[in-house]
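Architecture and fold: a report
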Amino acid sequence: MSVDNKNIYRVYLEGMSATERTIFGGLIRLAEREGTHFQMESALEKTDIFILDGLDQRSLEFGRSHLNIAQEAIWIDPPPHLTPSRQIKRPLHWTTLLQLMERIVGRNREPIA
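The structure reproduced in this document is the subject of the present report. All residue numbers refer to positions counted from 1 along the written sequence of the respective chain. This being a predicted model, a pLDDT of at least 70 is required before a residue's local features are given, and a value of 80 or more before pairs of side-chain atoms are given or counted; all residues contribute to the totals for chains, interfaces and linings. Hydrogens are left out, water is left out, and the side-chain values use all remaining heavy atoms of the structure.

**As for the overall build of the protein**
For clarity, the cut-off: Only DSSP runs of H or I covering at least 4 residues are called helices, and only runs of E covering at least 2 are called strands; the numbering of each starts at the N terminus. Here, two residues are considered to be in contact whenever any of their heavy atoms come within 4.5 Å of each other. Here, Shrake-Rupley sampling with a 1.4 Å probe gives the accessible areas, and only protein chains in the shown set may cover a residue.
Counting its regular elements, the protein contains four helices and six strands. When the helices and strands of the protein are listed from N to C terminus, the series reads β-β-α-β-β-α-α-β-β-α. Taking as baseline every contact in the protein between residues at least 6 positions apart, the subset at least 24 positions apart corresponds to 52%. Taken as a whole, the protein presents about 6,700 Å² of accessible surface, with 50% of it coming from carbon and sulfur.

The structure is reproduced here in structure tokens:
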């Protein structure tokens, strides 16, 4: 999708605490100021980025029922039975999460340390 010649990338998020979700919302607004537009989605269709929380039961159930998506998702504290290529541990480094998201959509502002 395009708005004012800028792409909007859809993000499906399962898990995170209320505080983390609030911070994540701010991260999305920060990314928009920097030129990357992310939009939260509640449906799976046409979603570009999946973020799953390994400490959240719904995320674990989602991962079991959508194995192909689970392997491509960004996992926060992934469960031990998964070894996803995109993962981040708590405490969350928000810029690293943003960089992982941008890498998925083909943008790479800075390398991930």
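**Section: the packing of aromatic side chains**
Filter applied, for reference: Note on aromatic pairs: the rings of Phe, Tyr and Trp (six-membered ring only in Trp) are paired at centre separations within 6.5 Å, and the planes decide the class, stacked below 30 degrees, edge-to-face beyond 60, tilted for the rest.
Across all of its chains, the model carries four aromatic pairs by this definition. Ring centres of Tyr-9 and Phe-38 lie 6.1 Å apart, and the angle between their planes is 50 degrees; on these two criteria the pair is classed as tilted. Separated by 29 residues along the polypeptide, Tyr-9 in strand E2 (residues 6-14) and Phe-38 in strand E3 (residues 37-41) bring together distant segments of the chain.

**Here's the deal with the pattern of salt bridges**
For the record, the criterion: We define a salt bridge as a contact between a side-chain nitrogen of Lys or Arg and a carboxyl oxygen of Asp or Glu at a distance within 4 Å. Buried means the residue's accessible area, taken with a 1.4 Å probe over protein chains only, is under 20% of the maximum for its type, while exposed means over 50%, and partly exposed covers the values in between.
For the structure on display, the rule yields six salt bridges. For Glu-14, the salt bridge identified is with Arg-58, shortest N-O distance 3.2 Å. On the criterion of sequence distance, the pair formed by Glu-14 in strand E2 and Arg-58 in helix H2 (residues 57-65) is long-range, its members being 44 residues apart. Residue class for Glu-14 comes out buried when judged on its relative accessible area of 8%. The exposed category is assigned to Arg-58, whose relative accessible area is 56%.

**A short note on helix H4 (residues 94-104)**
Among the residues of H4, Trp-94, Leu-97, Leu-98, Gln-99, Leu-100, Met-101 and Glu-102 are the ones counted as buried. Gly-106 lies just past H4 and shows a positive phi near 90 degrees.

**Quick word on the packing of helix H1 (residues 18-33) against H4**
We count it as follows: Angles here are taken between N-to-C directions and fall from 0 to 180 degrees, while the axes themselves are lines fitted to C-alpha atoms, restricted in helices to the stretch in contact. Any angle from 65 to 115 degrees is called roughly perpendicular, while one under 35 is roughly parallel, one over 145 is roughly antiparallel, and all others are oblique. Here is the rule for handedness: rotate from the far helix to the near one, and if that takes an anticlockwise turn smaller than a right angle the crossing is left-handed, while a clockwise turn gives right-handed. Here the term charged refers only to Asp, Glu, Lys and Arg, the term nonpolar to Ala, Val, Leu, Ile, Met, Phe, Trp, Tyr, Cys and Pro, and the term polar to all other amino acids, Gly among them.
Running from N to C, H1 and H4 point in directions that differ by 55 degrees, and their axes come no closer than 11 Å. Considered as vectors, H1 and H4 are oriented oblique to each other. As H1 runs across H4, the sense of the crossing is right-handed. Of the residues in H4, those touching H1 at Glu-20, Ile-23, Phe-24, Leu-27 and Ala-31 are Trp-94, Leu-97, Leu-98 and Met-101. Grouping the constituent residues of the contact of H1 with H4 by class yields eight nonpolar, no polar and one charged.

**As for the environment of Glu-20**
Using the following cut-off: Identification of polar contacts relies on pairs of N or O atoms within 3.5 Å, with a donor-acceptor requirement for protein atoms, meaning one able to donate a hydrogen and the other able to accept it, and with residues adjacent in sequence counted only if both atoms are side-chain atoms.
For Glu-20, the location among the structural elements is in helix H1. Taking the C-alpha atoms as reference points, Glu-20 and Trp-94, 74 residues apart in sequence, are found 9.8 Å from one another. Apart from the residues within four sequence positions on either side, Glu-20 is in contact with Arg-90, Leu-92 and Trp-94. A polar contact of 2.8 Å, which involves the side chain of Glu-20, links it to the backbone nitrogen of Ser-17.

**Considerations on the pairing of strand E4 (residues 49-53)**
Put simply, the rule is: Strand pairing is defined by DSSP finding a minimum of two bridges between the two strands.
Counting buried positions along E4 gives five out of five residues, so the element sits mostly inside the fold. What you see with E4 is no split at all: Ile-49, Ile-51 and Asp-53 on one side and Phe-50 and Leu-52 on the other are buried throughout. Here E4 runs beside strand E5 (residues 74-76); their pairing, made up of three bridges, is parallel. Residue pairing in the sheet places Leu-52 in a bridge with Trp-75 of E5.

Purely geometric stuff here, so don't read any function into it on its own.
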